[in-house]
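Residue-level listing of the chains:
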Amino acid sequence: MLMRKVPVFVPASPWGLRLPQKFLFLLFLSGLITLCFGALFLLPNSSRLKRLFLAPRTQQPGLEVVADIAGHPLARERESPPNPAPAVPAPGEDDASSQASTRRRKVWLRRTHPTGTREMATAARSSGSTALRPQEGGIPFSFDFNAFRSRLQHPVLGTRADETKEPQSLVRAQREKIKEMMQFAWRSYRLYAMGKNELRPLTKDGYEGNMFGGLNGATVIDSLDTLYLMELQEEFQEAKAWVEENFHLNVVPRKSLLGLNLSHRTAATGEVTLEGRSGLSAQRGSNLEPRPILCCPLESGEASLFEVNIRYIGGLLSAFYLTGEEVFRVKAIKLGEKLLPAFNTPTGIPKGVVNFKSGSNRSWGWAMAGSSSILAEFGSLHLEFLHLTELSGNQVFAEKVRNIRKVLRKINKPFGLYPNFLSPVSGNWMQHHVSVGGLGDSFYEYLIKSWLMSAKTDVEAKDMYYEALEAIETYLVNVSPGGLTYIAEWRGGILDHKMGHLACFSGGMIALGAEDAKEEKRAHYRELAAQITKTCHESYARSDTKLGPEAFWFNSGREAVATQLSESYYILRPEVVESYMYLWRQTHDPIYREWGWEVVLALEKYCRTEAGFSGIQDVYSSIPNHDNKQQTFFLAETLKYLYLLFSEDDMLSLEDWVFNTEAHPLPVNHSDSSSRAGGRL
């Protein structure tokens, strides 16, 4: 009887549904599931939905989101690459699969002598265990660090000298003293200013400045390779940990420091505290007259293209090449991307200021009323940008600097000279002021170093360098009545018979390039380098403190001395000891170590304070008046060059490395250039 109550004898469903109803319900449910999964996996910009359902991947600390570049693989960095490369073992470990892969791939550096065990062990200790794996986030990895290190011609940290010999024991003690100075400078910074851009040792606090677009930790980044080089392992690990945990690229820019106290020595972007070797920020010793404060401060988020490149990117690149730590490579590439808007000009010549917040750019207000880019700025990007392409696979970096080279090759040079101001709009020179010191200096340095970094294949850079050097010698090099050789400044054919401290790097540069000059010129250039370096030493020897002034003149019977107080200060600059280091390696003349040690003693006596090192206001006063600034380049350059001066020649051998203008070592490309997929260095 129950069965008769059910039409056509269809059994009742447990849910009370008949067969047609169940069919319709299942059809609807399958359609809904298809729609949901389609939205989750097929529609664009679904990463937020995926995070609701899928387990999150491990994220490297500090890999911040930056503005995407259209068409660049970094825009997809938070998704795993289709075939992620295997992790790179720590230096010294063997990895059969990576070695096989190396043989299959086109290599970056040709096979040479294996790296020694001492610095491989140091690299392993520095990196902890292994380099961060590329699949853990960030940028697809394609650089074989172990293969790179195995092809260096010399151990990175050099070989031990015979410590039983008394002269070597003296040199070792001198080197250890310089190491102690670095340790003291770092620990003072760590204690009173960790994370700030610079230490103020008198007031025992930190200073940020405003020319890095809100980036901080400039001293940390600038110090990484020096700490590694001196085998200060604990200090290096402190610096590395700070970079991993606190060096953020998606910064919220601070307000412009409109109330900057512009001193007589700063004619551009801020205070003397953030000067160095360029024509840029604070014009790095350009010795121009002071300008009104309204032309100078940076707005919120604005950064100096030049300073960020040489200090931050240069420091991160060298830290990666020395240690293989992936965090340094990733952050260098991401930061390089943030600089690219500076190149958005009709000629491709970048402007000096880039806004990290808006992506806009502009020229410095003091540079021909804001209409010009500066030779030392746009001419000092080549080394770092080629390595950014090498480590990222993104050709845009190399294309930007090669375009700069192209513009400079085409433009007419007055008497073969390169003026300091160029319009990024028209591509024409804006003023015929030529200087091998501030505003021009590192442009020439990067020409010869581009030739050397390319393993002497970048013939264009070589030709440009020797042509420029010939013009400089013809029109700027002079000999004083007292027999001192110096490089004057040229203003439309009229010479200023002065030489800036910044120009004292030129002795080392000319010595470095002498070997590849025409045979009949080699001895001449070595002698010219020695004479210029001697003149710079005289500027130190003729002061009461045995430290050199910011600029010195050759007129009115006075030679190699400053003529006014506004040029008498010393801010821990490295250029003179830089030339000592290069001349020592070229000649092994003990005079250069003697002169270098004089600088060490003077720094200890007049610049060391209770809480770090400070510049002094007047080198002609034996009672120091400190400026309360421990410059970042003191740790990056001055102490590094002094340490190398008292080290063996194969420590950071010049056959394997070139130094950028902040003394950050970048490797020479030893490989066959025709086999390189990433573009020739």
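Residues numbered from 1 in each chain as written. Predicted model: local features only at pLDDT ≥ 70, side-chain atom pairs only at ≥ 80, totals over all residues. Heavy atoms only, no water.

In the annotation of an unreviewed UniProt entry, the entry for the protein chain reads alpha-1,2-Mannosidase, and the organism field reads Enhydra lutris kenyoni. Database annotation for the protein chain, UniProt heading Sequence similarities (unreviewed entry): "Belongs to the glycosyl hydrolase 47 family." What UniProt records for the protein chain under Subcellular location (unreviewed entry) is the sentence "Golgi apparatus membrane". (UniProt positions renumbered as here; feature names shortened; annotations may be inferred.)

Novice: Could you give an account of the overall build of the protein chain, naming the residues involved and the relevant values?
Specialist: Across its full length, the protein chain carries 20 helices and 20 strands. Put simply, the protein chain has 681 residues, and 60% of those count as buried. Pairs at least 24 apart in sequence give 72% of the contacts found in the protein chain among residues at least 6 apart. For the protein chain, the exposed surface amounts to about 27,000 Å²; the carbon and sulfur share of it is 56%. (Helix = DSSP H or I, 4+ residues; strand = E, 2+ residues; numbered from the N terminus. Buried < 20%, exposed > 50% of the residue type's maximum accessible area, 1.4 Å probe, protein only. Contact = heavy atoms within 4.5 Å. Areas by Shrake-Rupley, 256 points an atom, 1.4 Å probe, with all protein chains shown as cover.)

Novice: Tell me about a nonpolar patch on the surface, residues and numbers included.
Specialist: Together, Phe-25, Leu-26, Phe-28, Leu-29, Leu-32 and Ile-33 make up an exposed nonpolar region whose accessible area comes to about 580 Å². Along the chain, Ile-33 falls in helix H1 (residues 19–41). Using a relative accessible area of 43% as the deciding quantity, one classes Ile-33 as partly exposed. (Patch = residues over 30% accessible without salt bridge, like charges linked within 9 Å, V, L, I, M, F, W, Y side chains within 5 Å. Salt bridge = Lys/Arg side-chain N within 4 Å of Asp/Glu carboxyl O.)

Novice: Outline the sheet that holds strand S9 (residues 433–434), listing residues and values.
Specialist: Across the sheet, 3 strands lie side by side as S9-S12-S13; this open sheet has antiparallel pairing. Two strands close off the open sheet at either side, each with one partner strand: S9 and strand S13 (494–496). In this structure, strand S12 (residues 489–491) lies alongside S13, joined through 3 bridges in antiparallel fashion. The residue bridging Arg-491 from the neighbouring strand is Ile-494, located in S13. (Pairing = 2+ DSSP bridges.)

Novice: Describe the packing of helix H19 (residues 591–607) against helix H20 (residues 632–645), and please don't skip the residues or the numbers.
Specialist: Interaxial distance between H19 and H20 falls to 9 Å at its minimum, and their mutual angle equals 135°. Between H19 and H20, the crossing angle belongs to the class labelled oblique. H19 and H20 meet at a crossing whose hand is left-handed. Side by side, H19 and H20 meet where Tyr-592, Arg-593, Gly-596, Val-600 and Leu-603 of the first sit next to Phe-634, Thr-638, Leu-642 and Leu-645 of the second. (Axes fitted to C-alpha atoms, helices over the stretch in contact; angles between N-to-C directions. Parallel < 35°, antiparallel > 145°, perpendicular 65-115°, else oblique. Left-handed = near helix turned anticlockwise from the far one by under 90°.)

Novice: Talk me through the UniProt feature "binding site: Ca(2+)" (unreviewed entry) in the protein chain; I want residue IDs and the actual numbers.
Specialist: The UniProt record annotates "binding site: Ca(2+)" (unreviewed entry) at Thr-661. By secondary structure assignment, the location of Thr-661 is in the loop between strand S19 (657–659) and strand S20 (665–667).

Novice: Which residues make up the state of the cysteines, and what values go with them?
Specialist: Applying the stated criterion across every chain, the model contains 1 disulfide. Each disulfide pairs two cysteine sulfurs, and for Cys-504 the partner residue is Cys-536, the sulfurs being separated by 2.1 Å. Disulfide Cys-504-Cys-536: the torsion about the S-S bond is -95°, which places it as left-handed. With Cys-504 in the loop between strand S14 (498–500) and helix H16 (506–514) and Cys-536 in helix H17 (residues 519–541), this residue pair connects regions lying 32 residues apart in the sequence. Assessed through its relative accessible area of 1%, Cys-504 is described here as buried. (Disulfide = S-S within 2.5 Å.)

Novice: Tell me what's going on with helix H18 (residues 575–587), and back it up with residues and numbers.
Specialist: Each turn of an α-helix holds 3.6 residues, which means side chains three or four residues apart point in the same direction. In this model H18 runs 18 Å from its N-terminal to its C-terminal C-alpha over 13 residues, within 8% of the 18 Å that 1.5 Å per residue would give. The buried fraction of H18 amounts to 11 of the 13 residues, a majority that puts the element mostly inside the structure. By the burial criterion, the buried members of H18 are Glu-575, Val-576, Val-577, Glu-578, Ser-579, Tyr-580, Met-581, Tyr-582, Leu-583, Trp-584 and Arg-585. Elements in contact with the buried residues of H18: helix H14 (441–453), H16, H17, H19, H20 and S19. Two residues or fewer past H18, His-588 is found with a positive phi of approximately 55°. (Expected span 1.5 Å × (residues − 1).)

Novice: Residues and numbers for the packing of aromatic side chains, please.
Specialist: Aromatic rings considered in pairs are described by the distance between their centres and by the relative angle of their planes. Scanning the model with the defined rule gives 32 aromatic pairs in all. Ring centres of Trp-186 and Tyr-189 lie 5.7 Å apart, and the angle between their planes is 45°; on these two criteria the pair is classed as tilted. One end of the pair is Trp-186 and the other is Tyr-189, both in helix H6 (residues 166–193) and 3 residues apart, which spans about a single turn. The class of Trp-186 is buried, set by a relative accessible area of 0%. We classify Tyr-189 as buried; its relative accessible area is 0%. A centroid spacing of 5.0 Å and a plane angle of 45° characterise the contact between Phe-613 and Phe-634, whose relative ring orientation is tilted. Of this pair, Phe-613 sits in strand S18 (residues 612–613) while Phe-634 sits in helix H20, and the two are 21 residues apart along the sequence. By relative accessible area, Phe-613 is classed as buried at 0%. (Phe/Tyr/Trp six-rings, centres within 6.5 Å; stacked < 30°, edge-to-face > 60°.)

Novice: Go over the sheet that holds strand S6 (residues 373–374), please, and point to the residues and values.
Specialist: One open sheet holds the 3 strands; their spatial order is S6-S7-S8, and the pairing between them is antiparallel. Edge strands, defined here as strands with exactly one partner in the open sheet, are S6 and strand S8 (429–431). Looking at chain direction, strand S7 (residues 421–422) and S8 are connected through 2 bridges and run antiparallel. What sits directly across from Phe-421, in S8, is Gln-431.

Novice: How would you explain empty space enclosed by the protein if you had to name every residue and give the values?
Specialist: A probe as big as a water molecule, rolled over the atoms, marks out the empty space that is left. Counted according to the given criterion, the structure contains 6 cavities of 30 Å³ or more. Here the largest cavity defines a volume of roughly 120 Å³. Lining the largest cavity are 14 residues, with Gly-379, His-382, Arg-405, Phe-443 and Leu-447 positioned closest to its centre. A per-class count over the lining of the largest cavity returns 9 nonpolar, 4 polar and 1 charged. (1 Å grid on protein atoms, 1.4 Å probe; cavity = no way out; pocket = protein on both sides within 12 Å on 5 of 7 lines; lining within 4 Å. Points joined across faces, edges and corners; volume = space filled by probe spheres on them. Nonpolar A, V, L, I, M, F, W, Y, C, P; charged D, E, K, R; others polar.)

Novice: Describe the pattern of salt bridges, and please don't skip the residues or the numbers.
Specialist: Evaluation of the coordinates by the stated rule reveals 26 salt bridges. For Glu-307, the salt bridge is made with Arg-311, and the minimal N-O distance between the two is 2.7 Å. One end of the pair, Glu-307, and the other, Arg-311, are both in helix H9 (residues 305–323), 4 residues apart, so they sit about a helical turn from each other. Take Glu-307: its relative accessible area is 0%, and that puts it in the buried class. Taking the shortest distance from any N to any O, the salt bridge between Glu-550 and Arg-573 comes out at 2.8 Å. Remark: Arg-573 occurs in the loop between strand S16 (558–561) and H18 and Glu-550 occurs in the loop between H17 and strand S15 (551–555); sequence separation between them is 23 residues. The exposure class assigned to Glu-550 is buried, which follows from its relative accessible area of 2%. Here the salt bridges do not stand alone but share partners, grouping Arg-405, Arg-409, Asp-458, Glu-460 and Glu-467 into one network.

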